[in-house]
Amino acid sequence: MTENGKPKLAMYWASSCGGCEISVLNIHENILTVDEVFDIAFFPCIADFKIKDVEAYPDGYIDICLFNGAIRNSENEEMAQLLRQKSKVLVAFGSCAYEGCIPALSNLTTKKATFEKVYFNNPTIDNPDRILPQHSTEVAEGELTLPHFYHTVKSLDQVVEVDYFIPGCPPEPPQIWAVLQVVIGALTAGQPLPPAGSIIGAGTMALCDECTREKKEKTIKRFFRPYEIQPNPDQCLLEQGIICMGIATRSGCGALCPSVGIGCRGCYGPPDGVEDQGAKMLSAIASVLDVGHESMDEDVLEELIQEAVDTIADPAGTFYRFSMAHSILKRVKNGKGAA
Ligand code: SF4
Ligand code: SF4
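Near ligand 2 you find Leu207, Thr249, Cys253, Ala255, Leu256, Cys257, Cys264, Arg265, Gly266, Cys267 and Tyr268, and these make up its full shell. When its residues are assigned to classes, the shell around ligand 2 shows 8 nonpolar, 2 polar and 1 charged.

This next bit is on the site of ligand 1. Near ligand 1 you find 14 residues, and of these Cys208, Cys211, Cys236, Cys244 and Gly246 are the closest. Grouping the constituent residues of the shell around ligand 1 by class yields 11 nonpolar, 1 polar and 2 charged.

This paragraph deals with the pairing of strand β1 (residues 8-13). Most of β1 is tucked away, with 6 of its 6 residues classed as buried. Bridge analysis of β1 against strand β2 (residues 39-42) gives 3 bridges, and the strand direction is parallel. Following the sheet pairing, Ala10 is matched in β2 by Phe42. As paired strands, β1 and strand β3 (residues 62-68) are joined by 5 bridges and run parallel to one another. By the bridge assignment, Met11 is partnered in β3 with Leu66.

The sheet built from 5 strands is open, its strands ordered β2-β1-β3-β5-β9 with parallel pairing. At either margin of the open sheet sits one strand with a lone partner, and together these are β2 and β9 (164-166). Neighbouring strand axes in the sheet, compared pairwise and without regard to direction, differ in orientation by 25° on average. Here helix α4 (residues 74-86) sits on the sheet in contact with β1, β3 and β5 (87-93), set at roughly 135° to β5.

Rules used in this analysis
Residues numbered from 1 in each chain as written. Chains lettered and ligands numbered in written order. Predicted model: local features only at pLDDT ≥ 70, side-chain atom pairs only at ≥ 80, totals over all residues. Near = placed C-beta within 6 Å. Nonpolar A, V, L, I, M, F, W, Y, C, P; charged D, E, K, R; others polar. Buried ≥ 20, exposed ≤ 12 C-beta atoms within 10 Å, placed from the backbone. Helix = DSSP H or I, 4+ residues; strand = E, 2+ residues; numbered from the N terminus. Pairing = 2+ DSSP bridges. Axes fitted to C-alpha atoms, helices over the stretch in contact; angles between N-to-C directions. Contact = placed C-beta atoms within 7 Å.

In structure tokens form, the structure reads like this:
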């Protein structure tokens, strides 16, 4: 609490797209209640704060910090350390902070390959001298520095202790508001907070449990990209051969994507009891593939299975789109440490 008795709220973005901030603003008129209840201590997206403002706060000054974005570089990590020190409650807000999300897909390649793609082999780049960003550059006025670009993208809890996790890319506004109401109740009326380490603003079961599409036995002969098929509007999408991550994804969004005919991408992360979202999906896919039969020659059967699996575009990027940093894979091997 502060001089005026109001709790302090912070929101920060590390390696992210800005969607999490938009989602907070999408709680509509409830944002007025947030403004009434909290003093904003740090929120670069909406107000001009400097890092030195945060550095000057006493430790634990911020009551709750919503931290979105993955840890892609040294600045992201320094800000995570600073905000951990200055916050009583630190929340990994959204999929990037929770489990790496899209930025962590670059763990499927190397820093060198990422730089080559971005700065050399990119149709929108004109870089004949093959100049790469440098950590330190001397200019007439002195030294300019850029953060160190990490080889491996990490989630927030891989660099600092995190109190709560709110999944989603981005988290859905009604759930953000539900979480904020719990926080407001705790800070202003002494109501209990969920146990530390909880995943909040989401369900516990698999998304299929809240999906209203009709489910029958799943027997799939091949998979389709969304543009290749007009799905039955009522039947489970996976049964129709459209990759839908509902089996391996936490409920809570209301099955938004399947409700409009698009397979769930998995942005709420794995449900309770599932350690690795991609591995769970892989095992689900393996159990519903229906090609060949037991009496077939093993080589022929293997070929048929491979043909069916080849109809899945980018399996690693599909199954681990949001959860690479938290996965048991972590990153591709490259003969170096994972710093
Ligand atoms: S797999 Fe997808 S479409 Fe099928 S029931 Fe689960 S969430 Fe719904
Ligand atoms: S359906 Fe899946 S991808 Fe779509 S919002 Fe829900 S969890 Fe995210």
